[in-house]
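# Coordinate analysis (summary)
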Amino acid sequence: MKTDIEALVRPNIRTLCPYSTARDEYKGSVGIFLDANESPYPTGYNRYPDPRQQALKEQISAIKGMPAANIFLGNGSDEAIDLMFRIFCSPGENAVAISPSYGMYSVAAAINDVEMRPVQLGEDFSLPVEELLAACDAKTKLLFLCSPNNPSGNAFAQEDLEFLIREFRGIVVLDEAYADFSSRESLRSKVQEYPNLVVLQTLSKAWGLAGLRLGMAFADEYIIRLMSAVKYPYNISQAALQLASKALSQPVGERLEEIKAQRSRLFDALPSFGFVRRVYPSEANFLLVKVDDADALYNHLLSDGIIVRNRSRVKGCEGCLRITVGLPEENDKLLQSLDNYEKGNIR
Ligand SMILES: *Cc1c(COP(=O)(O)O)cnc(C)c1O
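The text that follows walks through the structure, step by step, so that each part is easy to find.

What counts as what
- Residues numbered from 1 in each chain as written.
- Predicted model: local features only at pLDDT ≥ 70, side-chain atom pairs only at ≥ 80, totals over all residues.
- Heavy atoms only, no water.
- Helix = DSSP H or I, 4+ residues; strand = E, 2+ residues; numbered from the N terminus.
- Rg over C-alpha atoms; globule rule 2.2 N^0.38 Å.
- Buried < 20%, exposed > 50% of the residue type's maximum accessible area, 1.4 Å probe, protein only.
- Pairing = 2+ DSSP bridges.
- Contact = heavy atoms within 4.5 Å.
- Axes fitted to C-alpha atoms, helices over the stretch in contact; angles between N-to-C directions.
- Near = heavy atom within 4 Å.
- Polar contact = N/O pair within 3.5 Å; in protein donor to acceptor, adjacent residues only side chain to side chain.
- Nonpolar A, V, L, I, M, F, W, Y, C, P; charged D, E, K, R; others polar.
- Disulfide = S-S within 2.5 Å.
- 1 Å grid on protein atoms, 1.4 Å probe; cavity = no way out; pocket = protein on both sides within 12 Å on 5 of 7 lines; lining within 4 Å.
- Points joined across faces, edges and corners; volume = space filled by probe spheres on them.
- Phe/Tyr/Trp six-rings, centres within 6.5 Å; stacked < 30°, edge-to-face > 60°.

This part covers the overall build of the protein. The secondary structure content of the protein amounts to 13 helices and eleven strands. A globule of 347 residues ought to have a C-alpha radius of gyration of about 20 Å, and the protein, at 22 Å, matches this closely. Taken over the C-alpha atoms alone, the protein extends approximately 75 × 50 × 30 Å along its principal axes. Looking at the protein as a whole, 51% of its 347 residues are labelled buried.

Ordered by their spatial adjacency, four strands build an open sheet running E8-E9-E11-E10, and the pairing between neighbours is antiparallel. Each end of this open sheet is capped by a strand with a single partner; those strands are strand E8 (276-279) and strand E10 (309-310). With three bridges joining them, E8 and strand E9 (residues 286-291) adopt antiparallel strand pairing. Bridged to Arg278 within E9 is Lys290. Relative to strand E11 (residues 320-324), helix H12 (residues 294-303) is tilted by about 35 degrees, and along the sheet it contacts E9, E10 and E11.

As a further point, take the site of the ligand. The immediate surroundings of the ligand are formed by 13 residues, with Asp175, Tyr178, Thr202, Lys205 and Arg213 found nearest. Here an oxygen atom of the ligand sits 2.9 Å away from a polar atom, N or O, in the side chain of Asn150. The separation between an oxygen atom of the ligand and a polar side-chain atom of Thr202 is 2.6 Å. For the shell around the ligand, the residue count by class is four nonpolar, five polar and four charged.

Right, let's get into the state of the cysteines. Summed over the entire model, instances satisfying the criterion amount to zero disulfides. Note on Cys136: no disulfide assigned, nearest cysteine sulfur contributed by Cys89 at a separation of 12 Å. What makes Cys136 buried here is its relative accessible area of 19%. No disulfide involves Cys317; its sulfur sits 5.4 Å from the nearest other cysteine sulfur, which is in Cys320.

Roughly 530 Å³ of volume is contained in the largest pocket. Every residue lining the largest pocket is counted, 21 residues in all, and those nearest its centre are Arg52, Arg225, Ser228, Ala229 and Lys231. Elements represented by at least two residues in the lining of the largest pocket include exactly helix H4 (54-64) and helix H9 (221-230). For the lining of the largest pocket, the leading source of residues is H9, giving six residues. Of the residues assigned to the lining of the largest pocket, the class counts are eleven nonpolar, four polar and six charged.

Further remarks concern the side chain of Ser186. Relative to the elements of secondary structure, Ser186 occurs in the loop between strand E5 (171-175) and strand E6 (197-202). Here Glu176 takes part through its side chain, which lies 2.6 Å from a polar atom of the side chain of Ser186. A polar contact is formed between the side chain of Ser186 and the backbone nitrogen of Arg188, at a distance of 3.0 Å. Setting aside its immediate chain neighbours within four residues, Ser186 contacts Glu176 and Gln201.

The next point concerns the packing of aromatic side chains. Two aromatic rings, taken as a pair, are described by how far apart their centres are and by the angle between their planes. Tallied over the full model, the rule gives eight aromatic pairs. Here Phe125 and Tyr280 contribute two aromatic rings whose centre-to-centre distance is 5.0 Å and whose plane-to-plane angle is 65 degrees, an arrangement assigned as edge-to-face. Here Tyr280 lies in the loop between E8 and E9 and Phe125 lies in the loop between strand E3 (115-120) and helix H7 (129-135), a separation of 155 residues in the sequence. We note that Phe125, like Tyr280, is buried. A ring pair is formed by Tyr178 and Phe286, whose centres lie 5.1 Å apart and whose planes are at 80 degrees; its orientation type is edge-to-face. Here Tyr178, found in the loop between E5 and E6, pairs with Phe286, found in strand E9; they are 108 residues apart in sequence, far enough to count as distant. For the pair Tyr178 and Phe286, a shared accessibility class is recorded, and that class is buried.

Here it is as structure tokens:
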């Protein structure tokens, strides 16, 4: 199977001789380090970080139940998304993605001069399995799927996702940024079975570390080795390694339960407002809400100091605001502001 994947890799990447760091050549941790032109004066950060991020990978390995050899760590999931294009796509080739979905897939495609072919989700944001396959041709290298999907909030059936992974003759990138909020199981363990599957997760959402910039990719060892060869050698800073390690030792289960309970609360409360036409079911930490006049409501909330995401100009999300689930008292204020909006509108 490795040979199948190898044929998808850009020729210049297949033959790449990666940069070898001083720390790759000598792996001990005690000694007199005169090899990397670092300052000998301790500042806490005078040494280069481990380019392999071995300790943090072991910790994530234990949490996720995945071998460290199947884990890539990046400067956010965004780095992993960009690497997919840099490793697999030459200009003139293309990628297919569900739409509406996360904006970075198209941006990364454009930066890498690769055509992006968006395929509109079906009724109620269902997965358009046949349309996705029909959009692919011999030059399609990547297929981006996102489940639970941003901004629709729904998750797709595992059998449909696996069908696409089996049928598509390229790399399937399955973005699971919101997996921790979902009742569905992650497909990360399936990377052992499918050498063309890359599953993305992140510490930015459930783990509460968006400011740290740490994304994870799970994939077959061959793809992980390619990603490690192409990334900047020291893509994760020593500070990020340390802070992530500390945060991962403190469980977030209670916070996740609270977010999910608050999501249910908002899901139940929002339809009672007269201007709310539809609240879409969500497996993520946000709700997509269709309203009568999205711009007016957006501006009203803004005037109350409540910032939501106006998605009403996104195809398929006409009239919709995307609202992140906040703290209970923040959600109180949101509901209060919506109540005022309704009364003001009626008056
Ligand atoms: C928020 C989000 C991410 C996270 O990106 P990071 O770079 O890891 O912060 C990835 N994918 C989707 C769909 C998201 O909504």
